[in-house]
Structures are given as C-alpha cells and as structure tokens.
Amino acid sequence: MTAVAIDANRLWERIEALSRITDPDRPWTRRSFSPLFLKGREWLVSEFRAGGLETTVDAAGNLVGRLDGSDPHLKPIVIGSHSDTVPSGGRYDGILGVLAGLEVAQSLVERGERLRHPLEIYDFLAEEPSEFGLSCIGSRALAGMLSASMLDLRRPDGMSLREGLAYVGGDPESLASVKRSPDGTAAYVEVHIEQGRVLEQEGTAIGIVTDIVGIHRERITVKGRADHAGATPMPLRADALVGAAHIVGTVYARALADSNKPLVATIGKLDVLPNAANAVPGEVEMVLEVRCGDEAATRTFGKTLIEEVRPSLEALRLEVQAEPVSHASPTPCAPVVRDAIRAAASSLGLSSRDLPSGAGHDGVFVALTGPIGMIFVPCRDGRSHAPEESIEPHQAADGARVLFETVRRLDATLG
Ligand code: GLV
Ligand code: MN
Ligand code: MN
C-alpha cells in the first residue's frame, strides 16, 4: 500500500466555507433544525455530489453519501460526524469529521480506487443537544433507539421532533428503514478534535480513542411562587431561583469531591419563569448532565443530589422534582479499529497515543451496529464548545490522512 495524498487545501477550504455558514450575531452557531442548518446541508449535498458520492437524506434526517464497494456481500464501512453546533460553539467540532470523510471518499474516486466494502459518509442529525432536549438523534435512529415518545418531544416554539424530522427532509413514519442490525456496520471511524489538552501538551499528532464517556441527563424543576419583586417581603417569598442556585452550588461541590473517578457534572441550561427583573422567580427548569466512565455513578448522582438538597429547598418553601432525559452508556472503541488507526498513524510517520474521550459522540450509538473507533487531532488550549476553538490546517490534514489509511486497512482485513 502506498501512502495517500489527500487534498489538504481542498479539505481546509471546505472547513472554512462550511464554518462560515453561521448565525452572524453568534459565531459559530448552526443549530440543528434551523434554516441555517438546512443551508449548511444544501452546501454539503452539493459538495458530496461534486465529490462523486451518491447522496441522500435518510428517514432519520441523516445526510448520507455513498460509494459502492466491489463486493456486494460486504457491510458498509461508515465514516461520520455532525454539522450542527452548540450555541456560540466552535468551527471544527463536527464538521472536521464529515469533511475528512468526504475528502477520503473523493480521493478514492479520483484515484480510481474502489474499496471492497461500500463506503458511507454520514452527517448525523443533531449530535449536540437540540432544542428538543435530545442529542445524537440521527445515530440513535441507526441503532433503533429513537423511540416514539422521543418523537413527541417539543421544542419551546411547540414544534414536535416528529415535525422537526420532516423539516430536515426525514420521514418519521419510516424510521425502521434506517435501523441497522447489531452487525450491520463493518466498522465506523470518526475524526474529531480532541476537545482537551493532552495531545497539544505532549506534542502528539494523533489520539486513538479507547472509550467514550457515559452521559446521563436529567431535567430538574424547582417550583416556588411568582410574586411582585417590590411588594413581597423577603420572609414571604418562595424564590425558585434561590433554590436553583443552591442546587447548582451543590452539584459543583459534589462533583468536585468525586472528581477522582473521574466524574464531571454540569448545569449548563436554565430556564427561569417569568424571567423578569421585577418578578420573584416562580419556577426554574434546568438540565443536570453527569459524565463518568462508571455508569452507575452517572445514574445515582442526580438521585442522591435531590435527597441532599430537598430539606434546604423545603425550608425555602420550594418543591423540587427530577426526571431522566437521556442516558448513554460508556462505550469502548473496538480493538480492530484502534489497531488499524495505530498502524495507519505509524505508516505515515505520525506520533500517536491512546486516550479516553470525555466528550460524547455519535459512535456511542453506532457501536450498537458494529465496531467503532475515533481519531483525535489536537486543538489549541483544549478549547471547544466555545468560539475560541482552533486547529491548524496541517492537523486537519493529519486526521484525514490517518482516516484514509485506517479505512484502507479495515477494508483489506474485515470480512
Ligand atoms: C458533544 O459534543 C458532547 O460531548 O456533549
Ligand atoms: Mn460538541
Ligand atoms: Mn462533536
């Protein structure tokens, strides 16, 4: 096998072009299920087609580009990531993996090199938590885990997820067509920025992900009483935000005490009602997110938290309730894919090391359909989910080259 020259300039130009499709007032923002998201998708469809890929949107709203393989009996090798962003996020989280996949596929086409396996490039729908409160929507559907009750979730403007899927070109009534069997994928590989500091601090070019952290989310609601902020004496108030602030502080302290697990917990989303300067907050809804390699720890954190804070909240005349929103188990990456990534990096003369992913990824759901692996590249200061997220063109190219060599190795060895 000769080393492959992907077109590094084309990859970088595409990264820049897609990242510029952003809400101008909140760079870098391309929220799933928004008109901007569809604009990004339209651009991606034309690039996928220009790259020689047969391109469709599946029933779950995933954009899929495909190249046939030479052996019709083989399952597809899948490359993927996502084109949606968090609000005011970065330019590379997600799109790097989609565009590196496109670059690999287009380079194969241009070289006249046909894999034995079909090759599929996925832009998974809504990897980041969407306005429906759910993340990894497209990859969940691949694993048959997008349930009917999830389709009934509504975003604040009233749209249901069922309607949202149709809005992005999916078909909520045909989700069964997307579901894969547990051995439906020959292998899945995703290139992503590390979103941490390990690779940069060590000067290592490539991270080989060992496992993806488990993520548990719960909706916590604190109910008090909305009142006039001038006319209600302090001892008579039931201020839901005061209770919420107590919960936020307790989450922080408990997670800090458990940080050796390692466990992290965050309350990053709060909705305050009525949210007016001159009204006592009557209700606060917030999302608690707990991440840990120990699955039981992610589930028990919220339960014991509520037990701990309830007496203090009752003393403030507040009620508190918690209900689970989503749960993703910690997911190991498969040795067969990890070994292929390691061999690929070494064949290209690039340094590599194993490391876990503290971020969630679509691979958690794709793993229910076949072996998965992830290729990390360094990002500046480990910053991510923030506008400062930054990588160098050569780091994007390294990720795409390792992806190419990994896919060729998997194609040669997998049945
Ligand atoms: C995805 O970016 C996540 O880790 O939440
Ligand atoms: Mn992200
Ligand atoms: Mn991501």
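What you are looking at is a predicted structure, and each value in this text was computed from that prediction instead of being measured.

## Remarks on the coordination of the manganese ion (ligand 3)
Logical step 1: Bound to the manganese ion (ligand 3) on the protein side are His-82 (NE2), Asp-93 (OD) and His-192 (NE2), at distances that span 2.0 to 2.2 Å.
Logical step 2: Separating the manganese ion (ligand 3) from the manganese ion (ligand 2) is a gap of 3.6 Å, bridged by Asp-93, which donates to each. Of this pair, His-82 sits in strand S3 (residues 77-82) while Asp-93 sits in the loop between S3 and helix H3 (95-111), placing them 11 residues apart in sequence. Grouping residues by exposure puts His-82 and Asp-93 together as buried.

## Focus: the packing of H3 against helix H12 (residues 393-413)
Logical step 1: Here H3 crosses H12 at 55 degrees, and the two axes come no closer than 9 Å. With respect to H12, the element H3 is oriented oblique. In terms of crossing hand, the pair formed by H3 and H12 is right-handed. When H3 is examined against H12, the residues Leu-96, Ala-100, Gly-101, Val-104, Ser-107, Leu-108 and Arg-111 are found in contact with a partner set consisting of Ala-396, Ala-400, Leu-403, Phe-404 and Arg-408.
Logical step 2: The residue makeup of the contact of H3 with H12, split by class, is eight nonpolar, two polar and two charged.

## Quick look at the site of ligand 1
Logical step 1: Surveying the vicinity of ligand 1 reveals the residues Glu-127, Glu-128, Arg-217, Arg-291, Ala-359, Gly-360 and His-385.
Logical step 2: One of the backbone N or O atoms of Gly-360 is found 2.7 Å from an oxygen atom in ligand 1.
Logical step 3: A total of 190 Å² of accessible area belongs to ligand 1 in isolation, and the protein chains cover 94% of it.
Logical step 4: For the shell around ligand 1, the per-class residue count stands at one nonpolar, two polar and four charged.

## Focus on the domain arrangement of the chain
Logical step 1: Each assigned domain of the chain is listed here: domain 1 (8-213 + 330-413) and domain 2 (214-328).
Logical step 2: Placing a centre on the C-alpha atoms of domain 1 and another on those of domain 2 gives a separation of 33 Å.
Logical step 3: Taken together, the 13 residues of domain 1 in the interface contact 10 residues of domain 2.
Logical step 4: Carbon and sulfur atoms make up 58% of the surface buried where domain 1 meets domain 2, a total of about 840 Å² over both sides.
Logical step 5: In terms of surface lost to domain 2, no three residues of domain 1 exceed Gly-133, Val-213 and Pro-330, which account for 51% of the buried area on that side.
Logical step 6: Counting every contact that joins domain 1 to domain 2 gives zero salt bridges.
Logical step 7: The tally of links from domain 1 across to domain 2 stands at two residue pairs in polar contact (both at pLDDT 80 or more).
Logical step 8: Class assignment for the residues of the side of domain 1 that touches domain 2 results in eight nonpolar, four polar and one charged.

## As for the sheet that holds strand S7 (residues 214-223)
Logical step 1: Pairing in this open sheet of four strands is antiparallel, and the strands run S9-S11-S7-S12 from one edge to the other. Whereas interior strands pair on both sides, the edge strands pair on one side only; in this sheet they are strand S9 (263-273) and strand S12 (319-328). In this sheet, adjacent strand axes meet at a mean angle of 20 degrees when their direction is disregarded.
Logical step 2: Looking at chain direction, S7 and S12 are connected through nine bridges and run antiparallel. Counterpart to Thr-221 in the pairing with S12 is Gln-321.
Logical step 3: Packed onto the sheet, helix H8 (residues 240-257) meets S7, S9, strand S11 (283-292) and S12 and runs at close to 170 degrees relative to S9.

## Some thoughts on unusual backbone geometry
Logical step 1: For the bond running from Lys-261 to Pro-262, omega is -10 degrees, close enough to zero to count as cis.
Logical step 2: Locating Pro-262 in the fold gives a position in the loop between H8 and S9.
Logical step 3: Here the amide bond leading from Leu-273 into Pro-274 is cis, since omega sits at 0 degrees, within 30 degrees of zero.
Logical step 4: As for its position among the elements, Pro-274 is in the loop between S9 and strand S10 (279-280).
Logical step 5: For Phe-33, which is not glycine, the phi torsion reads 65 degrees and is therefore positive.
Logical step 6: Here Phe-33 is to be found in the loop between helix H1 (8-19) and helix H2 (35-50).
Logical step 7: Its identity is not glycine, yet Gln-195 carries a phi of approximately 65 degrees, on the positive side.
Logical step 8: Within the fold, Gln-195 resides in the loop between strand S5 (187-193) and helix H7 (198-202).

## Digging into the packing of aromatic side chains
Logical step 1: Under the definition given, this model contains four aromatic pairs.
Logical step 2: For the pair Trp-12 and Tyr-92, a centre-to-centre distance of 5.8 Å together with 20 degrees between the ring planes defines the contact as stacked. Within this pair, whereas Trp-12 is found in helix H1, its partner Tyr-92 is found in the loop between S3 and H3, the two being separated by 80 residues in sequence.
Logical step 3: With a relative accessible area of 4%, Tyr-92 lands in the buried category.
Logical step 4: Ring geometry for Phe-33 and Phe-132: centres 5.0 Å apart, planes at 85 degrees, overall edge-to-face. Of the two residues, Phe-33 is situated in the loop between H1 and H2 and Phe-132 in the loop between strand S4 (119-124) and helix H4 (137-142); the sequence distance between them amounts to 99 residues. The burial state of Phe-33 is the same as that of Phe-132; both residues are buried.

Parameters and conventions
- Residues numbered from 1 in each chain as written.
- Chains lettered and ligands numbered in written order.
- Predicted model: local features only at pLDDT ≥ 70, side-chain atom pairs only at ≥ 80, totals over all residues.
- Heavy atoms only, no water.
- Donors = N, O, S within 2.8 Å, 3.2 Å for Na, K, Ca; no water.
- Helix = DSSP H or I, 4+ residues; strand = E, 2+ residues; numbered from the N terminus.
- Buried < 20%, exposed > 50% of the residue type's maximum accessible area, 1.4 Å probe, protein only.
- Axes fitted to C-alpha atoms, helices over the stretch in contact; angles between N-to-C directions.
- Parallel < 35°, antiparallel > 145°, perpendicular 65-115°, else oblique.
- Left-handed = near helix turned anticlockwise from the far one by under 90°.
- Contact = heavy atoms within 4.5 Å.
- Nonpolar A, V, L, I, M, F, W, Y, C, P; charged D, E, K, R; others polar.
- Near = heavy atom within 4 Å.
- Polar contact = N/O pair within 3.5 Å; in protein donor to acceptor, adjacent residues only side chain to side chain.
- Areas by Shrake-Rupley, 256 points an atom, 1.4 Å probe, with all protein chains shown as cover.
- Domains from an automatic or database assignment.
- Buried area = accessible area lost by both parts, 1.4 Å probe.
- Salt bridge = Lys/Arg side-chain N within 4 Å of Asp/Glu carboxyl O.
- Pairing = 2+ DSSP bridges.
- Phe/Tyr/Trp six-rings, centres within 6.5 Å; stacked < 30°, edge-to-face > 60°.

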